[in-house]
Amino acid sequence: MSRRQVDPVGALYAEVLGEAAWDQGGAELLLEVGDALSALGAAWASERTMRAFFLSAMVPAEKKREALARLLEPMPPLVRHFMRLLMRRGRGRIVDRVATAFEDYLDQKLGRVQVTLTTATPIEDAQKEAWIAELRIATGKEPVLHTEVKPELIAGAILQVGETIADGSTRRRLNEF
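Note that the coordinates shown come from a computational prediction; the quantities given were computed from them, not determined experimentally.

Rules used throughout
Residues numbered from 1 in each chain as written. Predicted model: local features only at pLDDT ≥ 70, side-chain atom pairs only at ≥ 80, totals over all residues. Heavy atoms only, no water. Helix = DSSP H or I, 4+ residues; strand = E, 2+ residues; numbered from the N terminus. Rg over C-alpha atoms; globule rule 2.2 N^0.38 Å. Areas by Shrake-Rupley, 256 points an atom, 1.4 Å probe, with all protein chains shown as cover. Lys, Arg positive; Asp, Glu negative; His and termini not counted. Charge placed at Lys NZ, Arg CZ, Asp CG, Glu CD. Core = buried A, V, L, I, M, F, W, Y, C linked by side-chain atoms within 4.5 Å. Buried < 20%, exposed > 50% of the residue type's maximum accessible area, 1.4 Å probe, protein only. Contact = heavy atoms within 4.5 Å. Salt bridge = Lys/Arg side-chain N within 4 Å of Asp/Glu carboxyl O. Patch = residues over 30% accessible without salt bridge, like charges linked within 9 Å, V, L, I, M, F, W, Y side chains within 5 Å. Pairing = 2+ DSSP bridges. Axes fitted to C-alpha atoms, helices over the stretch in contact; angles between N-to-C directions. Phe/Tyr/Trp six-rings, centres within 6.5 Å; stacked < 30°, edge-to-face > 60°.

When its secondary structure is counted, the chain shows seven helices and four strands. For the chain, the α and β elements follow one another from N to C terminus as α-α-α-α-α-β-α-β-β-β-α. The C-alpha radius of gyration of the chain comes to 20 Å, more than 25% above the 16 Å expected for a compact globule of 177 residues. For the C-alpha atoms alone, the extent of the chain along its principal axes is close to 65 × 35 × 30 Å. Summed over all atoms, the accessible surface of the chain reaches about 10,900 Å², with 54% contributed by carbon and sulfur. Put simply, the chain has 24 plus and 25 minus side-chain charges, and the middle of one group is 8 Å from the middle of the other.

Here we take up the nonpolar core. Counting 30 residues, the largest nonpolar core has Val33, Phe82, Met83, Leu86, Val98 and Phe102 as its most contacted members. Going through the elements one at a time, α1 (8-46), α2 (48-55), α3 (61-72), α4 (77-88) and α5 (95-110) are the ones with two or more residues in this core. The greatest single-element share of this core, amounting to eleven residues, is contributed by α1. In contact with methionine 83, not counting residues within four places along its chain, are Leu40, Leu68, Leu72 and Val95. Judged by nonpolar contacts, the second largest core, of ten residues, contains Val115, Ile132, Leu135 and Ala157.

So, on to the pattern of salt bridges. Where charged atoms from two side chains of opposite charge come close, those side chains can pair. This structure, assessed with the given rule, holds five salt bridges. Arginine 112 is the salt-bridge partner of aspartate 107, the closest N and O atoms lying 3.0 Å from each other.

Let us look at a positive patch on the surface. Together, Arg84, Arg88, Arg89 and Arg91 make up a positively charged patch on the protein surface. Residue classification places arginine 89 among the exposed residues on the basis of a relative accessible area of 55%.

For a regular strand, the rule is simple: side chains alternate between the two faces of the sheet. Buried residues dominate strand β3 (residues 157-161), accounting for five of its five residues. Here β3 shows no split at all, with Ala157, Leu159 and Val161 on one side and Ile158 and Gln160 on the other all buried. Both strand β1 (residues 112-119) and β3 contribute to a ladder of five bridges, which runs antiparallel. Bridge assignment links valine 115 to a residue of β3, and that residue is valine 161. Taken together, the four bridges between β3 and strand β4 (residues 164-167) define a ladder with antiparallel strand orientation. From the neighbouring strand, leucine 159 faces β4, where its bridge partner is alanine 166. Between β3 and the antiparallel strand that follows it, β4, lie two residues; glycine 162 among them carries a positive phi value of about 60°.

Turning our attention to the sheet that holds β1. Strands sit in the order β2-β1-β3-β4 across an open sheet of four strands; the sheet is mixed. The sheet terminates laterally at β2 (142-149) and β4, the two strands that pair on one side only. Across the sheet, the mean angle separating the axes of adjacent strands is 15° when strand polarity is ignored.

This part covers the packing of aromatic side chains. Enumeration over the complete set of coordinates arrives at four aromatic pairs. Between tryptophan 44 and phenylalanine 54 the ring centres are 6.3 Å apart and the planes differ by 35°, which places this aromatic pair in the tilted class. Of this pair, tryptophan 44 sits in helix α1 while phenylalanine 54 sits in helix α2, placing them ten residues apart in sequence. The residues tryptophan 44 and phenylalanine 54 share a single accessibility class, namely buried. When the ring of phenylalanine 102 is compared with that of tyrosine 105, the centres are 5.8 Å apart and the planes differ by 35°; the resulting orientation is tilted. Taken together, the residues phenylalanine 102 and tyrosine 105, both in helix α5 and three residues apart, mark about one turn of the helix. In terms of burial, phenylalanine 102 and tyrosine 105 fall into one category: buried. A connected cluster of aromatic rings, assembled from ring pairs, spans Trp44, Phe53 and Phe54.

Shown next as structure tokens:
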């Protein structure tokens with residue numbers, strides 16, 4: 001389950017794209033499409049000038065098509081086709097929401113679970129692997145581990161698996177004292 005709110009229209013487009021990718025190339029193409037869509041979504045969310053260009057009524061449609069073709073050139077053909085379709089249907093505004101929904105679709109389709117491990121100090125690769133192994137057993141899914149360092153925790157860790165949070169930090173214990 002995702003920790004984010006997913007736009008229903010974005011989720012619908014993500015599912016259709018995901019099913020097309022799965023049908024055309026299985027898990028390999030699904031992951032390739034996911035990487036491309038993630039990059040597009042991040043760019044769309046952070047690049048105000050790019051968004052303004054593609055959403056502006058002042059920019060001729062032909063200029064937008066040319067710019068989109070250049071932007072999408074290194075991406076899988078399915079992503080290029082999908083993005084042209086979104087833009088043609090006037091759905092360019094939801095690119096980042098489709099990308100977010102696609103991440104959730106990938107997790108569901110591939111049996112993954114997003115996990116955030118927050119510690120006071122960085123953890124070593126061996127520790128990460130140990131956490132992943134334990135989480136794989138506990139959840140029955142493939143954990144996608146994200147780590148964060150927050151020195152204010154003092155010691156211990158906060159583990160978030162999906163929407164469940166376990167706070168074993170010293171900061172929490174001191175606050176309860």
